[in-house]
Amino acid sequence: MADGAVRSRPALVAACAERGVELDGQQAGHVLRHLTEMMTIVFAGPEGRADMFARADGWIGERRDVRRAEALAEVALRFVRARGPVTRADLGRWADLSMGDVDAGLDAAADDLETVTLDGADYLVARGTADIAEDEVDAALGAPLLLPAFDEYLLGYGTRGPIISATGLELVCPGRNGVFRPMVVVDGEIVGTWRRTVNRAGVTVTVEPFGTLTVRSRKALAAPARAFGEFLGKDAVVAP
């Protein structure tokens, strides 16, 4: 990958094998994931269906020169703004930081953060977002979503209770075997799973709720289904 060369996953696996390091499918996935998380390599522009990789120092152009304290503050603030409410441990796990670095970042960003207590535990949120007026609740909860399997919305937090019931978690990850199914989110809560059927005529999205979905919620899922279809270049509908 020297001199800015971009390589596909199969090419990298073949290169390792040529040098005596045989990687099976799972091993290759773990190695590439680790190298991308450590910013040794990055995803480059895809070629067809193939994932392409490049060395980070050759692919990333202009970089900001920031001090460590400033960097820690920024990553803490960005994480909380994008994913709050979150815990200190959530930030440490997501950013692969020691708790000392987590606290340093949170201390530096303290003016823009506040703590709320939910179900007896302390969570961090962006300052000014904890108090929501009654007429702002729907907007704050957001539109219904069709999320993919293994989405960060479920896997990115140490505590999953606030967004999914124990029964629901068993249905998203049957047998707790580590394989997660695509998820339906309504009003911030994971309320079901979904699957797709793709053929020449288009895409059919079949929703499997944990309980009963309101007519309003089911109709609202038509929008993310259409967006999914547009991504595939096909018309998409939600099965009745």
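All residue numbers here refer to positions counted from 1 along the written sequence of the relevant chain. Per-residue local features are limited, in this predicted model, to residues with pLDDT of at least 70; the limit for side-chain atom pairs, both in listing and counting, is 80 or more; totals at the level of whole chains, interfaces and linings are taken over all residues. Only hydrogens and water are set aside; all other atoms, that is, all heavy atoms of the structure, feed into the side-chain values.

(A) Quick peek at the packing of helix α4 (residues 68-83) against helix α6 (residues 99-108). Angles shown run from 0 to 180 degrees and are taken between the N-to-C directions of axes, each axis being a line fitted to C-alpha atoms and, for helices, limited to the stretch in contact. Comment: elements are numbered from the N terminus, with helices defined as DSSP H or I runs of at least four residues and strands as E runs of at least two. In contact at an axis separation of 7 Å, α4 and α6 are set at 80° when each is read in the N-to-C sense. Classified by the interaxial angle, the pair formed by α4 and α6 is roughly perpendicular. Contact residues: Arg-68, Ala-69, Leu-72, Ala-73 and Ala-76 in α4; Asp-101, Ala-104, Gly-105, Leu-106 and Ala-108 in α6. In terms of residue class, the contact of α4 with α6 is built from seven nonpolar, one polar and two charged. An angle below 35 degrees is treated as roughly parallel, one above 145 as roughly antiparallel, one from 65 to 115 as roughly perpendicular, and anything else as oblique. Only heavy atoms enter the contact rule, under which two residues are in contact if any of them lie within 4.5 Å. Under the convention adopted here, Pro, Cys and the residues Ala, Val, Leu, Ile, Met, Phe, Trp and Tyr are nonpolar, Asp, Glu, Lys and Arg are charged, and Gly plus all remaining residues are polar.

(B) Just the pattern of salt bridges, in detail. By definition here, a salt bridge exists when the distance from a side-chain nitrogen of Lys or Arg to a carboxyl oxygen of Asp or Glu is within 4 Å. All told, the structure shown has 12 salt bridges when counted by the stated rule. One salt bridge in this structure joins Arg-64 and Glu-74, with 2.9 Å as the shortest N-O distance. Here the residue Arg-64 occupies a position in the loop between α3 (56-59) and α4, and Glu-74 occupies one in helix α4, the gap between them amounting to 10 residues. Accessibility here uses a 1.4 Å probe with only protein chains present; expressed as a share of the type maximum, an area under 20% marks a residue as buried, one over 50% as exposed, and anything in between as partly exposed. Owing to a relative accessible area of 55%, Arg-64 belongs among the exposed residues under this scheme. When its relative accessible area of 23% is taken as the criterion, Glu-74 is described as partly exposed.

(C) Focus on the sheet that holds strand β9 (residues 202-209). Note on pairing: two strands pair once DSSP finds at least 2 bridges between them. Pairing is mixed across the open sheet formed by five strands, whose spatial order is β6-β7-β8-β9-β10. Looking at strand neighbours, the two that pair on one side only are β6 (145-147) and β10 (236-238), the edges of this open sheet. Looking at each pair of strands side by side, their axes are set apart by 30° on average, direction ignored. The pairing of strand β8 (residues 189-199) with β9 spans eight bridges and is classified as antiparallel. Bridging from a neighbouring strand, Asn-199 pairs with Gly-202 of β9.

(D) Quick look at the side chain of Asp-90. By the element assignment, Asp-90 lies in helix α5 (residues 88-95). Since its relative accessible area comes to 4%, Asp-90 is described here as buried. Counting of polar contacts relies on pairs of N or O atoms within 3.5 Å, with two restrictions inside protein: one atom must be capable of donating a hydrogen and the other of accepting it, and residues adjacent in sequence are counted only when both atoms are side-chain atoms. In terms of polar contacts, Asp-90 uses its side chain to reach the side chain of Arg-93, at 3.1 Å.

(E) The confidence of the model for the chain, seen in detail. pLDDT: the predictor's confidence for each residue, scored from 0 to 100. On average, the chain scores 89 in pLDDT, and the residues at 70 or more come to 100%. Per-element confidence in the chain is highest for α6, whose mean pLDDT is 96, and lowest for helix α7 (residues 137-141), whose mean pLDDT is 70.

(F) Seen up close, a nonpolar patch on the surface. Two distance rules govern patches: like charges are joined within 9 Å, and nonpolar side chains (Val, Leu, Ile, Met, Phe, Trp, Tyr) within 5 Å, applied only to residues with over 30% relative accessible area and no salt bridge. Note on areas: these come from Shrake-Rupley sampling with a 1.4 Å probe, and a residue is covered only by the protein chains present in the view. There is a patch of nonpolar side chains on the surface, built from Phe-150, Leu-155 and Val-179 and spanning about 250 Å² of accessible area. Tracing the chain through its elements places Phe-150 in the loop between β6 and α8 (152-155).

(G) The packing of aromatic side chains, seen in detail. Aromatic rings from Phe, Tyr and Trp, with only the six-membered ring used for Trp, were paired whenever their centres fell within 6.5 Å, and each pair was classed as stacked if the ring planes differed by under 30 degrees, edge-to-face if by over 60, and tilted otherwise. Overall, the coordinates contain four aromatic pairs when judged by the stated rule. On the basis of an interplanar angle of 35° and a centroid distance of 4.9 Å, the ring pair of Phe-43 and Phe-53 is categorised as tilted. Residue Phe-43 is located in strand β2 (residues 41-47), and its partner Phe-53 is located in strand β3 (residues 50-55); the two are separated by 10 residues in the primary sequence. Taking relative accessible area as the criterion, Phe-53 reaches 3% and is therefore assigned buried.

(H) Spotlight on helix α11 (residues 222-232). Along α11, the residues classified as buried are Pro-224, Ala-225, Phe-228 and Gly-229. Take α11 and look down its axis: the buried residues cluster within an arc of 145°, on one side only. Those residues of α11 that are buried lie in contact with β6, β8, β9, α10 (215-220) and β10. Looking one or two places after α11, you find Gly-233, whose phi comes out positive at around 75°. Of all possible arcs, the one meant is that of the directions from the helix axis to the C-beta atoms.

(I) Expanded view of the packing of α4 against α5. It is the contact of α4 with α5, at a shortest axis distance of 11 Å, that shows an interaxial angle of 110°. When the interaxial angle is binned, α4 and α5 end up roughly perpendicular. For the pair α4 and α5, the sense of crossing is right-handed. From α4, Val-75, Ala-76, Phe-79 and Arg-83 reach across to α5, where they touch Asp-90, Leu-91 and Trp-94. Residue composition of the contact of α4 with α5, grouped by class: five nonpolar, no polar and two charged. Here a crossing is taken to be left-handed if its near helix is turned anticlockwise relative to the far helix by less than a right angle, and right-handed if that turn runs clockwise.

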